[in-house]
Amino acid sequence: MNSENIQLFHEVATDERSTAQRKYHIWTIGCQMNVADSNHVAAELEKIGYGPTDRLDDADVVVLNTCVVRQSAEERAIGKLGSLKPWKHDHDGRTLALMGCMVGVKPSPQLLAAYPDVDVFMPPSEATPLINHLRQEALNAEMAAIERQQLAHRYRVQDEAQPIGSAQSIKHLALSGQAPVAAHVPIVYGCSHACSFCIIPFRRGVERSRPVDEIVNEIRGLVAQGVREVTLLGQIVDRYGYDWRGERGDSRTVAAYEGRKETRDWRLETRESPVSSLQSQYDLADLLRDVHEIEGLWRIRFLTSHPNYMTDRILHTVRGLPKVCEHIEVPIQAGDDEVLERMKRGYTNADYRALVQRIRTILPDAAIHTDIIVGFCGETEEQFQRTCDVLADLKLDKVHLARYSPRPGTVSERRMVDDVPEAEKVRRHRCIEELQEQVSAEINSRYLGQVVEVLVEEQHKGKWRGRNRQNKLVFIDSELPLRGRLVEAQVTWTGPWSMQGRFVRDVSPLPDRIEAPKASFAVNLMAAAD
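Rules and cut-offs
- Residues numbered from 1 in each chain as written.
- Predicted model: local features only at pLDDT ≥ 70, side-chain atom pairs only at ≥ 80, totals over all residues.
- Heavy atoms only, no water.
- Helix = DSSP H or I, 4+ residues; strand = E, 2+ residues; numbered from the N terminus.
- Buried < 20%, exposed > 50% of the residue type's maximum accessible area, 1.4 Å probe, protein only.
- Axes fitted to C-alpha atoms, helices over the stretch in contact; angles between N-to-C directions.
- Parallel < 35°, antiparallel > 145°, perpendicular 65-115°, else oblique.
- Left-handed = near helix turned anticlockwise from the far one by under 90°.
- Contact = heavy atoms within 4.5 Å.
- Nonpolar A, V, L, I, M, F, W, Y, C, P; charged D, E, K, R; others polar.
- Salt bridge = Lys/Arg side-chain N within 4 Å of Asp/Glu carboxyl O.
- Phe/Tyr/Trp six-rings, centres within 6.5 Å; stacked < 30°, edge-to-face > 60°.
- Pairing = 2+ DSSP bridges.
- Core = buried A, V, L, I, M, F, W, Y, C linked by side-chain atoms within 4.5 Å.

Trainee: What should I look at first to understand unusual backbone geometry in this one?
Mentor: Peptide bonds are trans in most cases, and residues, glycine excluded, mostly fall at negative phi. With an omega of 0 degrees, the peptide bond running from L303 to T304 counts as cis. Residues other than glycine seldom take positive phi values, yet A194 does so here, at roughly 60 degrees. Mapped onto the secondary structure, A194 falls in the loop between β7 (188-189) and α7 (200-204). A relative accessible area of 34% places A194 in the partly exposed class. The phi dihedral of N471 is positive, around 70 degrees, even though this residue is not glycine. Along the chain, the position of N471 falls in the loop between β15 (463-468) and β16 (473-477). Accessibility expressed as a relative area gives 11% for N471, which makes it buried.

The structure is reproduced here in structure tokens:
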């Protein structure tokens, strides 16, 4: 489980300028996977005539896409449900849909009974229940006189409709009338590894890899909407394709895949080697190559990886593809072997250290991010210190921190004791925060005076905000219209969490590049050092 993917998102406002007669409003909380799921739902709603709105009172359909990985996220979702009661009861015909991890693979009888105002319960990554509900409502209201004919048409459309995941619409994210520059694309749904602390397998089901063509077509559609960077998502993204080969379970039973023996293009089907059998030999490295060929796409990232499946084959592919960024997300979770065993992670402290060395050998410029859970069941002070030691030794670029909290139904909640006091968890959390602040500041200081490539995403407090290839935040002082541009910036200041720089030149692969001001700029390194 990736603790960065557990960050909370604010309510997603939507484009109020849609001219569609029927409107939808989507509220999303949780991880990047939830944001992508909401985009898929938006695309399906737009197929049947709905348009986005940021005004709740104008919405005919409201979708709440929920998260329960953290208690605070679940409480916010419950609070939001309660606040929607007046909206639901003020007008007949409104539809309220509940989606995501709060629903799970199948809504429980207790959930159905607790929220009688919810019309549709939608599992994660599944829009069909809502679309079917809305189609039925629309047909009954508008075409009652010719019900039989319209029902036949509906069934035909359902049979031909693409499943959720085949497209994303990002109109409802365009608050200022501009589409996001970067988007997330799920490539693996669910998880079959089942770490003892993780609720994802219970909420999102077993691991399911999406077909290659479906992913490529979805990304082409996003690029057509203005997206320049995509992040390929999976709970364990480097296990992409494993389920096609029947390789389920954790790393004690599933070995890392070293690549297909078939060297031909999998799309060249023959009677002896059908496409289905060749695609089943695909892995993340193969998918990266296919995505890399998409015209108009400038950058590719992927997360989150598991240490046991981050193969040299994947790392060499990252090195060989210019669009794939040197940014590896690979959680360790804890630095003590006994704690890792209780977590069912499947590797040791030494294994992880060896992996970091391999990454740095193959990708010397790579930024490595990790996840840490402090205060896991039974974690002693000595065991916690081993986590501090591994972070101090490896000096990773970023640490996503979380204090352990038992999630209902997980192995750790059912079979282990949450025996580390909350105050101690807070202390350990603060210790690693302080350690990592020093490490990150030291790493980022090496960029001072360097020229870095930045994909500019948006303005923030008068400065342009973007990320370099290593996923580090860079703020650029410039009055030029840089949004959506790939630029070079000279770093003038560095801190532990971000950097600032000045525009050097536009390197976007476009015919109309923006010209830099004629006045040149050079960093005074001596002044910066002072």
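From this point on, the discussion continues.
Trainee: Which parts of the structure should I look at to understand the packing of helix α14 (residues 381-394) against helix α16 (residues 422-445)?
Mentor: Packed helix pairs are characterised by how far apart their axes lie and by the angle those axes make with each other. Contact geometry for α14 and α16: axes closest at 10 Å, N-to-C directions at 15 degrees. As far as their axial angle goes, α16 and α14 are roughly parallel. Relative to α16, α14 is oriented so that their crossing is right-handed. Only E424, R427, R428, C431, I432 and L435 of α16 make contact with α14, whose side of the interface consists of E381, F384, T387, C388, L391 and A392. Considering only residue class, the contact of α14 with α16 consists of 7 nonpolar, 1 polar and 4 charged.

Trainee: How should I be thinking about the pattern of salt bridges in this particular structure?
Mentor: Pairing is possible between side chains of opposite charge, provided their charged atoms come close. Enumeration according to the criterion identifies 34 salt bridges in this entry. When the shortest N-O distance is used, the salt bridge between D286 and R289 registers 3.3 Å. Of the two residues, D286 and R289 both sit in helix α10 (residues 284-292), 3 residues apart, roughly one turn of that helix. Bridged by salt links that share partners, the residues E229, R299, R301, E326, E453 and R469 form one connected network.

Trainee: Help me out: how do you make sense of the environment of A43 in this one?
Mentor: Locating A43 in the fold gives a position in helix α1 (residues 32-47). Look at A43 and you get buried, because its relative accessible area is 9%. Apart from residues no more than four positions distant in its own chain, A43 is found in contact with A167, Q168 and S169.

Trainee: Where do I start with the packing of aromatic side chains in this structure?
Mentor: Each pair of aromatic rings is reported with the distance of its centres and the angle of its planes. Taken as a whole, this structure holds 5 aromatic pairs when the rule is applied. For the pair Y242 and Y309, a centre-to-centre distance of 5.4 Å together with 85 degrees between the ring planes defines the contact as edge-to-face. Taken as a pair, Y242 in the loop between β9 (229-233) and α9 (275-279) and Y309 in the loop between β10 (299-303) and α11 (312-320) lie far apart in primary sequence, 67 residues in all. Residues Y242 and Y309 agree in their burial class; the two are buried. Geometrically, the ring pair formed by Y347 and Y352 is tilted, given 6.5 Å between the ring centres and 35 degrees between the ring planes. The residues Y347 and Y352 share a single accessibility class, namely buried.

Trainee: Just to check I follow, could you spell out the pairing of strand β17 (residues 486-494) for this structure?
Mentor: Note on strand geometry: in a regular strand, side chains alternate between the two faces of the sheet. Where strand β14 (residues 451-460) and β17 come together, 5 bridges link them in antiparallel fashion. Bridging across to β17, L455 finds its partner in L486. Bridging between β17 and strand β18 (residues 499-506) involves 7 bridges; their strand directions are antiparallel. Bridging from a neighbouring strand, V487 pairs with D506 of β18. Counting the residues in the hairpin turn of β17 and β18 gives 4 residues.

Trainee: What is the right way to read the sheet that holds strand β6 (residues 182-186) from this model?
Mentor: Hydrogen bonds between backbone atoms are what pair the strands of a sheet, whose relative direction is either parallel or antiparallel. A sheet is described by the order of its strands in space; here 3 strands give the open sequence β6-β9-β10, paired in parallel fashion. In this open sheet, the two strands that pair with only one neighbour each are β6 and β10. Averaged over all pairs of adjacent strands, the angle between their axes in this sheet comes to 25 degrees, without regard to strand direction. Bridge count between β6 and β9: 5 bridges; the pairing is parallel. Looking at the pairing, V185 lines up with L232 of β9. The strands touched by α1 within the sheet are β6 and β9, with β6 carrying the most contacts at an inclination of about 90 degrees.

Trainee: Just checking my understanding: could you explain the nonpolar core for this structure?
Mentor: Note on soluble globular proteins: their nonpolar side chains tend to be buried together. One finds L98, I187, I219, L232, L288 and F302 to be the most contacted residues of the largest nonpolar core, which totals 97 residues. Those residues in contact with I219 that lie beyond four places of it in its chain are V185, V230, L232, V291, I294 and L297. V41, M99, M122 and I131 belong to the second-largest nonpolar core, a separate cluster that totals 17 residues.

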